[in-house]
Amino acid sequence: MGRGALRRRRLLIAVGVLLPAIAVLALLAYGVTREPRYIESPMLGRPAPAFVLTLFDGRTIRSGDLRGKVVLVNFWASWCPPCRSEAPMLEATWRDLQDNGVMFVGINTQDEESRAREFLREFGITYPTGRDVGGRIAIDFGVWGLPEAFVIDPAGRITYKHVGTIGSAVLARKIHDARSGVVSAEQGRGDYQSTR
């Protein structure tokens, strides 16, 4: 084999190794620099994960028991400032809609029970709320920041996901859409706190 052929072979091997390595590094750099809340959820339009939640009052709620209703599942924690910010609006909206085929379910995660109970007292939360002690429900829903809200239609499909605080107008519109079976094209975004 001549010198020219040897050089070409080395060049091809170097390019064959370096090019994929550079591509992988570029992909990793892109992923690391992306803000997670701008990554769209693959959950939209899919069945909501099944869950069983023990409520703070001792009752148990199963996701299957909620079929036939529009459901707002809201993940929150007492240490989360945006959760505290939206709590009064969620309670007021719940009181307005609770007799109209709508169910709210609060899921407390990554929190201490005593602080979570104090949060419920402080904001007068009356909709069913329980603790996700091991974080399994949050993992199944793909939660990575708080608050996160999921609107589920009467057939059990996730029609909307909102990362961060949700406004009352957006919530009312997304509940209306869920009643009609309309799946949002993208998730909503507001102020949020990364999970611990």
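The model shown is predicted, which means the values in this text are computed figures rather than measured ones.

Draft legend 1. Representation of the sheet that holds strand E9 (residues 188-189). With mixed pairing, six strands are arranged side by side in an open sheet as E5-E4-E3-E7-E8-E9. With one partner strand each, in any of the chains shown, strand E5 (129-132) and E9 form the two edges of the open sheet. Where strand E7 (residues 148-152) meets strand E8 (residues 158-163), five bridges bridge the pair, whose relative direction is antiparallel. In the sheet register, Ala149 faces E8, and the bridge partner there is His162. Sitting on the sheet, helix H3 (residues 113-123) touches strand E3 (70-76), strand E4 (102-109) and E5, and the angle it makes with E3 is about 125°. On top of the sheet, helix H5 (residues 168-179) reaches E3, E4, E7 and E8; it is set at about 30° to E7, its chief contact.

Draft legend 2. Broad picture of the state of the cysteines. Evaluated as defined, the whole model comprises one disulfide. Across the disulfide, Cys80 is cross-linked to Cys83 (sulfur-sulfur distance 2.5 Å). Negative torsions about the S-S bond denote left-handed disulfides, and the value of about 80° found for Cys80 with Cys83 makes this one right-handed. Accessibility assignment for this pair places Cys80 and Cys83 in one class, buried.

The rules behind these values
Here the residue index of a chain counts from 1 through its sequence in written order. Selection of residues for local features in this predicted model requires a pLDDT of at least 70, selection of side-chain atom pairs for listing and counting requires 80 or more, and totals for whole chains, interfaces and linings are taken over all residues. By convention in this description, side-chain values take in all heavy atoms of the structure and omit both hydrogens and water. We call two strands paired when DSSP finds no fewer than two bridges between them. The way it works is that DSSP assigns letters per residue, a run of H or I at least four long becomes a helix, a run of E at least two long becomes a strand, and they are numbered from the N terminus. Throughout, a residue-residue contact means that at least one pair of heavy atoms, one from each residue, lies within 4.5 Å. Angles shown run from 0 to 180 degrees and are taken between the N-to-C directions of axes, each axis being a line fitted to C-alpha atoms and, for helices, limited to the stretch in contact. Cysteine sulfur pairs qualify as disulfides if the two atoms are within 2.5 Å. Think of it in three bands: residues with accessible area under 20% of the maximum for their type are buried, residues over 50% are exposed, and the middle band is partly exposed, with areas taken using a 1.4 Å probe on protein chains only.

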